[in-house]
Amino acid sequence: MSRVNFYQLLELKINPPESDPQVLTAAIKRKQTEWSRLRNHPTKGTQARQYISLLTEIRKVMEDPQLREKEARNALDLLKKKLEAK
């Protein structure tokens, strides 16, 4: 996968996957605020600006039920791989 998983990035529940639109919107707003604050941080600024540039894609994926389900499946797969590696 060439980009970070949005469920992990937004720190949302993966099992069962979060699907409440209000919770998703609140998580996006919370992270956007956090990234905006970190934008000029000496070590975390570059990554924060990268995440800010992904906001339109994050919204598109998380608002579309089919894309969101695919993202949730990918998040579960990543979590399983991480646990197997331990």
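Let me begin by describing the structure that accompanies this report. (Residues numbered from 1 in each chain as written. Predicted model: local features only at pLDDT ≥ 70, side-chain atom pairs only at ≥ 80, totals over all residues. Heavy atoms only, no water.)

Description of the overall build of the protein chain
Then comes step 1: Secondary structure summary: the protein chain contains five helices and zero strands in total.
Then comes step 2: Computed over its C-alpha atoms, the radius of gyration of the protein chain comes to 13 Å, within 12% of the 12 Å expected for a compact globule of 86 residues.
Then comes step 3: On the principal axes, the C-alpha backbone points of the protein chain span a range of 35 × 35 × 20 Å.
Then comes step 4: Considering the protein chain as a whole, with its 86 residues, one finds that 29% of them fall into the buried category.
Then comes step 5: When contacts within the protein chain are restricted to residue pairs at least 6 apart in sequence, long-range pairs at least 24 apart make up 55% of them.
Then comes step 6: Working note: accessible area of the protein chain is about 6100 Å², and carbon and sulfur atoms make up 50% of it.
Then comes step 7: One way to put it: in the protein chain the 18 positive side-chain charges average out to a point 6 Å from where the 11 negative ones average out. (Helix = DSSP H or I, 4+ residues; strand = E, 2+ residues; numbered from the N terminus. Rg over C-alpha atoms; globule rule 2.2 N^0.38 Å. Buried < 20%, exposed > 50% of the residue type's maximum accessible area, 1.4 Å probe, protein only. Contact = heavy atoms within 4.5 Å. Areas by Shrake-Rupley, 256 points an atom, 1.4 Å probe, with all protein chains shown as cover. Lys, Arg positive; Asp, Glu negative; His and termini not counted. Charge placed at Lys NZ, Arg CZ, Asp CG, Glu CD.)

A word on the packing of helix H3 (residues 45–53) against helix H4 (residues 55–63)
The angle between the axes and the distance between the axes are what describe a pair of packed helices.
Then comes step 1: Interhelical geometry of H3 versus H4 gives an angle of 50 degrees and a closest axis separation of 4 Å. In terms of orientation, H3 and H4 fall into the oblique class. Together, Tyr51, Ile52 and Ser53 of H3 and Leu55, Thr56 and Ile58 of H4 make up the contact between the two elements.
Then comes step 2: Classifying every residue of the contact of H3 with H4 gives four nonpolar, two polar and no charged. (Axes fitted to C-alpha atoms, helices over the stretch in contact; angles between N-to-C directions. Parallel < 35°, antiparallel > 145°, perpendicular 65-115°, else oblique. Nonpolar A, V, L, I, M, F, W, Y, C, P; charged D, E, K, R; others polar.)

Here we look at unusual backbone geometry
Then comes step 1: Put simply, Asn15 and Pro16 share a cis peptide bond, and its omega is -5 degrees.
Then comes step 2: Along the polypeptide, Pro16 turns up in the loop between helix H1 (6–9) and helix H2 (21–38).
Then comes step 3: Phi at Glu11 takes a positive value of approximately 55 degrees, unusual for a residue other than glycine.
Then comes step 4: Along the chain, Glu11 falls in the loop between H1 and H2.
Then comes step 5: According to the relative accessible area criterion, Glu11 is exposed, its value standing at 56%.

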